[in-house]
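Spelled out from the first residue to the last, the chains are:
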Amino acid sequence: ETGVTQSPTHLIKTRGQQVTLRCSSQSGHNTVSWYQQALGQGPQFIFQYYREEENGRGNFPPRFSGLQFPNYSSELNVNALELDDSALYLCASSSETGGTGELFFGEGSRLTVL
Amino acid sequence: KNEVEQSPQNLTAQEGEFITINCSYSVGISALHWLQQHPGGGIVSLFMLSSGKKKHGRLIATINIQEKHSSLHITASHPRDSAVYICAVVGSQGNLIFGKGTKLSVKP
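Quick caveat: nothing in here was measured; it's all calculated off a predicted structure.

Caption draft 1: Structural context of the interface of chain B and chain A. Facing 20 residues of chain B, the contacting portion of chain A comprises 22 residues. For the pairing of chain B and chain A, the buried interface totals around 1,600 Å² over both sides, and the portion due to carbon and sulfur atoms is 56%. Among the residues of chain B in contact with chain A, B:Ile43, B:Gln93 and B:Phe98 are the three that bury the most area, contributing 29% of the side total. Our enumeration of links across chain B and chain A arrives at zero salt bridges. Across the contact surface, chain B and chain A share one residue pair in polar contact (both at pLDDT 80 or more). Going through the elements one at a time, β4 (32-37), β5 (43-49), β9 (83-90) and β10 (96-98) of chain B are the ones with two or more residues in the side of chain B that touches chain A. Of the residues assigned to the side of chain B that touches chain A, the class counts are eight nonpolar, eleven polar and one charged.

Structural data, given as structure tokens:
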């Protein structure tokens with residue numbers, strides 16, 4: 001039990017639709033990062049939020065966007081879904097930015113795009 | 001070439017064996033994480049290292065910054081250790097750069 005919860009756990013969308021994934025961080029953690037993990041691959045960094053501001057982004061197009069709220073919960077939004085967006089989406093919270101603090105991962109949201 | 005390489009990709013061991021998983025990286029880092037991922041997806045952080053060695057129970061992690069190499073060792077392996085072990089380094093943006101993982105299967 002990491003204290004990080006993600007919802008929904010599974011969902012199916014069709015190409016062109018939009019999706020919102022949610023992450024509730026561990027209490028007191030002001031940094032959240034999101035990752036995409038395709039089947040059989042390691043996770044890829046999407047972006048990181050610190051105190052409600054994006055402070056780092058990986059090689060993902062602008063249709064991947066996010067929000068972090070004052071209670072440090074977070075959302076990942078993906079517009080104009082493509083088949084290749086099918087993946088496990090993971091969020092991780094930390095009390096420190098910069099990746100040098102202990103990370104607590106959620107169980108992930110598995111997205112299937114048909 | 002990936003920035004983070006792990007070996008082996010797959011590993012099968014008998015219960016009780018000593019296991020080593022290796023991670024090499026090609027970028028400058030501020031820290032390195034070892035993570036464990038079980039079927040279904042959940043990831044658990046095992047260690048965060050910036051130098052030297054850490055031990056937790058039967059797990060030991062070492063890092064050599066000069067050689068850009070880290071190892072994860074499991075002593076007296078057990079079937080419940082079966083999982084994917086992932087090495088991730090902290091890049092210049094503070095983001096994690098992940099290896100592809102090592103799938104470990106420990107047979108009773």
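That covers the picture; the talk isn't over yet.
Caption draft 2: Representation of the nonpolar core within the structure. Counting residues in each nonpolar core, the largest one holds 24 residues, and the members touching the most others are B:Leu32, B:Trp34, B:Leu72 and B:Tyr85. Within the residue set of this core, elements represented by two or more residues are β3 (19-25), β4, β5, β7 (59-64), β8 (69-74), β9 and β11 (102-107) of chain B. Apart from the residues within four sequence positions on either side, B:Leu72 is in contact with B:Ile19, B:Thr20, B:Ile21, B:Trp34, B:Leu46, B:Phe47, B:Ile60, B:Ala61 and B:Tyr85. Counting 21 residues, the second-largest nonpolar core is a separate cluster that includes A:Leu11, A:Ile46, A:Leu81 and A:Val113.

Caption draft 3: Structural view of the side chain of A:Glu75. Mapped onto the elements of the fold, A:Glu75 is located in strand β8 (residues 74-78). If near-sequence neighbours (up to four positions away) are discounted, A:Glu75 is found in contact with A:Thr20, A:Leu21, A:Arg22, A:Trp34, A:Ser65, A:Gly66, A:Leu67 and A:Phe69.

Caption draft 4: Here's a closer look at the packing of aromatic side chains. Scanning the model with the defined rule gives five aromatic pairs over all chains in all. On the numbers, 5.4 Å between centres and 90° between planes, the contact of A:Phe47 with A:Tyr49 is edge-to-face. Between A:Phe60 and A:Phe64, the ring centres sit 5.1 Å apart and the planes meet at 65°, which makes this aromatic pair edge-to-face. For A:Phe60, a relative accessible area of 15% translates into the label buried. Linked through ring pairs, A:Tyr35, A:Phe45, A:Phe105 and B:Phe98 together constitute an aromatic cluster.

Caption draft 5: Quick peek at the environment of B:Lys55. Residue and element names in this part refer to chain B. If you trace the backbone, Lys 55 turns up in strand β6 (residues 52-56). With relative accessibility at 60%, the residue Lys 55 sits in the exposed group. Expressed as a C-alpha distance, the spacing of Lys 55 and Leu 72, which sit 17 residues apart in the sequence, is 9.8 Å. Setting aside residues no more than four positions away along its own chain, Lys 55 makes contact with Phe 47 and Ile 60. Polar contacts involving the side chain of Lys 55 include one to the main-chain carbonyl oxygen of Gly 57, which spans 3.0 Å.

Caption draft 6: Region of the structure containing the side chain of B:Gln6. Residues and elements named next belong to chain B. Of note, Gln 6 is situated in strand β1 (residues 4-7). Relative accessible area serves as the criterion here: at 11%, Gln 6 is assigned to the buried category. Looking at Gln 6, its side chain comes within polar contact range of the main-chain oxygen of Tyr 85, at 2.9 Å. At 3.2 Å, the side chain of Gln 6 and the side chain of Thr 102 are in polar contact. Among all residues touching Gln 6, those that are not within four sequence positions of it are Ile 21, Asn 22, Cys 23, Trp 34, Tyr 85, Ile 86, Cys 87, Gly 99, Lys 100, Gly 101 and Thr 102.

Here is what the cut-offs are and how they apply
- Residues numbered from 1 in each chain as written.
- Chains lettered and ligands numbered in written order.
- Predicted model: local features only at pLDDT ≥ 70, side-chain atom pairs only at ≥ 80, totals over all residues.
- Heavy atoms only, no water.
- Contact = heavy atoms within 4.5 Å.
- Buried area = accessible area lost by both parts, 1.4 Å probe.
- Salt bridge = Lys/Arg side-chain N within 4 Å of Asp/Glu carboxyl O.
- Polar contact = N/O pair within 3.5 Å; in protein donor to acceptor, adjacent residues only side chain to side chain.
- Helix = DSSP H or I, 4+ residues; strand = E, 2+ residues; numbered from the N terminus.
- Nonpolar A, V, L, I, M, F, W, Y, C, P; charged D, E, K, R; others polar.
- Core = buried A, V, L, I, M, F, W, Y, C linked by side-chain atoms within 4.5 Å.
- Buried < 20%, exposed > 50% of the residue type's maximum accessible area, 1.4 Å probe, protein only.
- Phe/Tyr/Trp six-rings, centres within 6.5 Å; stacked < 30°, edge-to-face > 60°.

Bear in mind that shape data such as this cannot, by itself, settle questions of function.
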